[in-house]
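If you want the building blocks of each chain, they are given just below.
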Amino acid sequence: AGLLECCARCLIGAPFASLVATGLCFFGVALFCGCGHEALTGTEQLIETYFSKNYQDYEYLIDVIHAFQYFIYGTASFFFLYGALLLAEGFYTTGAVRQIFGDYRTTICGKGLSATVTGGPKGRGARGPQRAHSLQRVCHCLGKWLGHPDKFVGITYVLSIIWLLVFACSAVPVYIYFNTWTTCQSIANPSKTSASIGTLCADARMYGVLPWNAFPGKVCGSNLLSICKTSEFQMTFHLFIAAFVGAAATLVSLLTFIIAATYNFAVLKLMGRGTKF
């Protein structure tokens, strides 16, 4: 009963906003990195099969795709580590805020946070300094390391700006594939367009995917429609959409982290008169 009561009290300090943001961050990064990696591989195969017969035409494109795939590996590793760090910081600052209001300070973690955040005096008995509980010491050491929510806000803000650019870049392939898919729909339904089917094309060169001297560089008419019906095209298109959604979810999670950390920092500064931030 005592252990259950202790766990229930510790849940008072759980950072629910940070927990949701962490889950959203992990989900978004996994979706963006996994689907983005496979979508880039599918794009490489489509270019090699249908849009260029000369390896020199898409050699640079392959190098760019491989560079983006390595970037995806690094992004996944970094965000999983940084997300865990933000979650730990959320547990620390949220617990510190809750202990100011009274209930959380009765737990062992609350006592450790009180000592590190509010600078509370260390207990002394008649026989000298009391030996701190091991969990309380862990909270005390962790508090010294994580007790700077303002710095986390600044770093996360910079990451949000950078990720906003990544989010915008992830929309580019979705736009290209959507235009190609729209062209295929016009070819499949010639009555809905006044243009000749033979003039309806998808030109990879106009998007900078291939150089202007690439051959053929574009596919038109019924040949383009047959490409759009392939499983490779459909799968790659949907993978890019999923990667775009993952990038959006990651951006929302970073903004949620900023809001939660800013709120905790503001409360600690305004109500924790003795804070060491």
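Residues numbered from 1 in each chain as written. Predicted model: local features only at pLDDT ≥ 70, side-chain atom pairs only at ≥ 80, totals over all residues. Heavy atoms only, no water.

Under an unreviewed UniProt entry, the protein chain has the name MYPR protein and belongs to Todus mexicanus. Here the protein chain is described in UniProt, under the heading Subcellular location (unreviewed entry), as follows: "Cell membrane". Recorded under Sequence similarities (unreviewed entry), the UniProt text for the protein chain is reproduced unchanged: "Belongs to the myelin proteolipid protein family." (UniProt positions renumbered as here; feature names shortened; annotations may be inferred.)

A. Seen up close, the side chain of Ser170. Along the polypeptide, Ser170 turns up in helix α6 (residues 149-188). A relative accessible area of 8% means that Ser170 is categorised as buried. Those residues in contact with Ser170 that sit more than four places away from it in its chain are Phe32, Phe244 and Ala247. (Helix = DSSP H or I, 4+ residues; strand = E, 2+ residues; numbered from the N terminus. Buried < 20%, exposed > 50% of the residue type's maximum accessible area, 1.4 Å probe, protein only. Contact = heavy atoms within 4.5 Å.)

B. Expanded view of the packing of aromatic side chains. Per the stated rule, a full pass over the model turns up 13 aromatic pairs. Where Phe32 meets Trp163, the ring centres are 5.2 Å apart and the plane angle is 70°; that geometry is what we call edge-to-face. In this pair, Phe32 sits in helix α2 (residues 16-51) while Trp163 sits in helix α6, placing the two residues 131 residues apart along the sequence. Residue Phe32 shares its accessibility class with Trp163, and that shared class is buried. Taking 5.6 Å as the distance between ring centres and 5° as the angle between the ring planes, the aromatic pair formed by Phe78 and Tyr82 counts as stacked. Here Tyr82 and Phe78 lie together in helix α3 (residues 55-100), a separation of four residues that amounts to about one turn. By relative accessible area, which is 38% here, Phe78 ends up partly exposed. Since its relative accessible area comes to 7%, Tyr82 is described here as buried. (Phe/Tyr/Trp six-rings, centres within 6.5 Å; stacked < 30°, edge-to-face > 60°.)

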